[in-house]
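The residues making up each chain are set out below.
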Amino acid sequence: MMYDDIAHNKENPFPGTIINHPHGTDVYHGVPKDYTKSEVTPQNFLDILQGYQNRMTGIGSGKVINSGPNDHIFVNFVDHGAPGIVAFPDGELHARDLIKAITHMHKNKQYAQMVLYIEACESGSMLKDLPDDVSVFATTASNAKESSYACYYDKKRQTYLGDLYSVNWMEDSDKEILSSESLEKQYDIVKQKTNRSHVQQFGNMKIANEFVADFQGKKASVPITYPEVPMDAVPSPDVPLAILHHRLTETKTEEERKPIIEEMMGIYDMIEEIRDKVKRITELVTKNKEMFTLISGKTKLITNYDCYEEVATQFSKSCYKLSHNLYAMRQLYIFVNLCESGYTASNIAESILKVCKK
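Note that the coordinates shown come from a computational prediction; the quantities given were computed from them, not determined experimentally. (Residues numbered from 1 in each chain as written. Predicted model: local features only at pLDDT ≥ 70, side-chain atom pairs only at ≥ 80, totals over all residues. Heavy atoms only, no water.)

J.: How would you explain the overall build of the chain if you had to name every residue and give the values?
T.: In terms of regular secondary structure, the chain is built from 12 helices and 10 strands. Overall, the C-alpha framework of the chain stretches about 60 × 60 × 45 Å when taken along its three principal axes. A buried classification covers 51% of the 358 residues belonging to the chain. Across the chain, every contact between residues at least 6 apart in sequence was considered, and the portion connecting residues at least 24 apart equals 72%. (Helix = DSSP H or I, 4+ residues; strand = E, 2+ residues; numbered from the N terminus. Buried < 20%, exposed > 50% of the residue type's maximum accessible area, 1.4 Å probe, protein only. Contact = heavy atoms within 4.5 Å.)

J.: Which residues make up the sheet that holds strand β1 (residues 72-78), and what values do they have?
T.: Read from one edge of the open sheet, 4 strands run β1-β5-β6-β9, paired in mixed fashion. Each edge of the sheet is formed by a strand with only one pairing partner; in this case those strands are β1 and β9 (200-203). Each adjacent strand pair in this sheet contributes to an overall mean axis angle of 15 degrees, direction not counted. In the packing of helix α2 (residues 95-107) onto the sheet, contacts are made with β1, β5 (113-119) and β6 (136-140), and the angle to β5 comes to roughly 165 degrees. (Pairing = 2+ DSSP bridges. Axes fitted to C-alpha atoms, helices over the stretch in contact; angles between N-to-C directions.)

J.: Please set out the layout of surface pockets residue by residue, giving values where relevant.
T.: Once rolled over the atoms, a probe with the size of a water molecule shows which space is left empty. Of the voids in this model, the second largest pocket is the one considered here, and its volume is about 340 Å³. Along the wall of the second largest pocket there are 15 residues; nearest its centre are Y152, E171, K193, E228 and M231. The element that contributes the greatest number of residues to the lining of the second largest pocket is helix α3 (residues 164-175), accounting for 4 residues. Along the lines of polarity and charge, the residues of the lining of the second largest pocket split into 6 nonpolar, 4 polar and 5 charged. (1 Å grid on protein atoms, 1.4 Å probe; cavity = no way out; pocket = protein on both sides within 12 Å on 5 of 7 lines; lining within 4 Å. Points joined across faces, edges and corners; volume = space filled by probe spheres on them. Nonpolar A, V, L, I, M, F, W, Y, C, P; charged D, E, K, R; others polar.)

J.: How would you explain the sheet that holds strand β3 (residues 85-88) if you had to name every residue and give the values?
T.: Read across the sheet, 3 strands follow the order β2-β3-β4 without closing on themselves; strand pairing throughout is antiparallel. Taken across any chain shown, the strands that pair with only one partner, and hence form the sheet edges, are β2 (81-82) and β4 (91-94). Across 4 bridges, the pairing between β3 and β4 is antiparallel. Looking at β4, one finds that V86 is bridged to L93. Across the face of the sheet, helix α1 (residues 42-49) comes into contact with β3 and β4 while running at roughly 45 degrees to β4.

J.: An account of helix α7 (residues 254-286) is requested, with residue identities and associated values reported.
T.: The terminal C-alpha atoms of α7, which comprises 33 residues, lie 47 Å apart, in line with the 48 Å expected from a rise of 1.5 Å per residue. For α7, the full list of buried residues reads I260, M264, I267, I271, I274, K277, V278, I281, T282, E283, V285 and T286. On its buried face, α7 sits against α6 (239-249), α8 (291-295), α9 (305-318), α10 (326-329), α11 (332-340) and α12 (345-356). Where α7 terminates, the next one or two residues include K287, which has phi positive at roughly 55 degrees. (Expected span 1.5 Å × (residues − 1).)

J.: Describe the packing of α7 against α12, listing the residues and the values that go with them.
T.: Taken N-terminus to C-terminus, the directions of α7 and α12 make an angle of 135 degrees; their axes are 9 Å apart at the nearest point. Classified by the angle their axes make, α7 and α12 are oblique. Remark: the crossing between α7 and α12 carries right-handed chirality. Contacts from K277, R280, I281, L284 and V285 in α7 reach N347, I348, S351, I352, K354, V355 and C356 in α12. When its residues are assigned to classes, the contact of α7 with α12 shows 7 nonpolar, 2 polar and 3 charged. (Parallel < 35°, antiparallel > 145°, perpendicular 65-115°, else oblique. Left-handed = near helix turned anticlockwise from the far one by under 90°.)

J.: Tell me about the nonpolar core, and please be specific about residues and values.
T.: In terms of nonpolar packing, the biggest core is built from 69 residues, with F315 and F335 touching the most fellow members. At 8 residues, the largest contribution of residues to this core is made by α7. Discounting chain neighbours no more than four positions away, the residues touching F315 are V278, I281, Y320, L322, A328, L332, F335 and I352. (Core = buried A, V, L, I, M, F, W, Y, C linked by side-chain atoms within 4.5 Å.)

J.: How would you sum up empty space enclosed by the protein? Please name residues and give values.
T.: Per the counting criterion, the structure on display carries 2 cavities of 30 Å³ or more. Here the largest cavity defines a volume of roughly 40 Å³. In terms of lining residues, the largest cavity is bounded by Y117, T139, Y165, W169, Q186, Y187, V190 and V199. At the level of secondary structure, the elements contributing two or more residues to the lining of the largest cavity comprise α3 and α4 (183-193). Looking at side-chain class alone, the lining of the largest cavity contains 6 nonpolar, 2 polar and no charged residues.

J.: Any details on the state of the cysteines? Residues and values, ideally.
T.: Counted under the stated rule, the structure contains 2 disulfides. Here C307 engages in a disulfide with C339; their sulfurs sit 2.1 Å apart. Linking C307 and C339, the disulfide has an S-S dihedral of approximately -75 degrees and is accordingly described as left-handed. Pair noted here: C307 is in helix α9 and C339 is in helix α11, with a separation of 32 residues, a long-range link. Each member of the pair C307 and C339 is classed as buried. With its sulfur 1.9 Å from that of its partner, C319 forms a disulfide with C356. For the disulfide bridge between C319 and C356, the dihedral angle about the S-S bond is near 95 degrees, and by the sign convention the bridge is right-handed. Within this pair, whereas C319 is found in the loop between α9 and α10, its partner C356 is found in helix α12, the two being separated by 37 residues in sequence. Residue C319 is classed as buried on the basis of its relative accessible area, which comes to 11%. Should the bonded cysteines of the chain be numbered as they appear in the sequence, the pairing reads 1-3, 2-4. Between C121, a free cysteine, and C151, which holds the nearest cysteine sulfur, the sulfur-to-sulfur gap is 13 Å. Judged by relative accessible area, C121 falls into the buried class, the value being 3%. (Disulfide = S-S within 2.5 Å.)

Listed below in structure tokens is the structure:
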């Protein structure tokens with residue numbers, strides 16, 4: 001699955017190509033695209049993963065993971081995230097739904113072992129409740145409370161080419177002999193190189209002793225090593241502003257600077273608007289204006305999933321569609337904290353409706 005909005009995007013100065021390293025070559029041509037655009041949804045992802053062929057009839061290529069008890073499965077997921085959520089282009093996947101699907105597959109003997117890599121902010125929150133007896137080994141770009149990081153800013157393309165965790169594991173896979181490198185070794189290398197967030201591992205640690213090639217495949221090509229260049233890592237939520245800042249520093253006239261500054265100010269205004277609404281929601285819920293400072297402190301870990309999922313869904317429906325607004329996703333931790341502090345989902349949802357009513 002890939003949304004496929006980069007190679008032929010009007011803002012891509014090199015149409016039809018994608019690179020993931022400043023000195024890299026095209027990685028787009030020849031890549032299979034079974035599902036793109038509107039087909040890339042949380043439900044389709046779960047149905048494909050669980051092998052529901054009948055549900056995918058007439059959608060994309062219709063292919064699913066038709067696996068059995070002797071198969072190894074490798075899943076790599078990259079998108080935005082928030083506590084207990086990873087985003088899709090149009091929709092969100094909750095942690096419980098992912099773990100439910102994995103547990104279902106294990107129960108029905110749909111794989112021997114599975115390896116899962118997740119690149120997203122707060123990605124550790126997706127797997128903190130992953131059972132260790134379902135034959136899954138997983139690693140994430142960050143823990144449950146922090147951002148992941150983008151890297152490799154490219155001046156010609158005026159964008160970031162990759163994400164720190166993903167770049168590190170992919171470049172390691174490019175240069176290592178995967179038939180002799182263990183998953184644990186790759187994890188240790190990636191953890192050491194991903195020095196802006198805390199890479200995590202979950203699940204069955206015995207699987208970490210297996211070779212990377214058993215999941216990512218054996219390479220027939222010569223190992224690839226790229227020259228080292230500055231990572232220029234920035235938190236993923238800051239990427240739009242960081243790109244505008246890079247563009248601003250390269251302008252030469254006031255006429256060039258003006259629209260960039262206006263776009264930056266528009267983002268700052270939107271961030272402030274979102275924060276203000278979440279603050280007002282919190283004040284309505286707690287009936288205490290002084291409580292916001294306490295509630296907006298350290299992020300709590302999710303235990304009350306029923307409350308949080310209902311509230312996050314209501315916020316997305318009534319205020320800001322989460323999959324379309326990463327700044328709104330940045331505020332979801334407030335709802336985690338409200339739920340974990342004993343406030344009811346109905347109370348929070350009602351407050352959301354009052355503040356965000358059209």
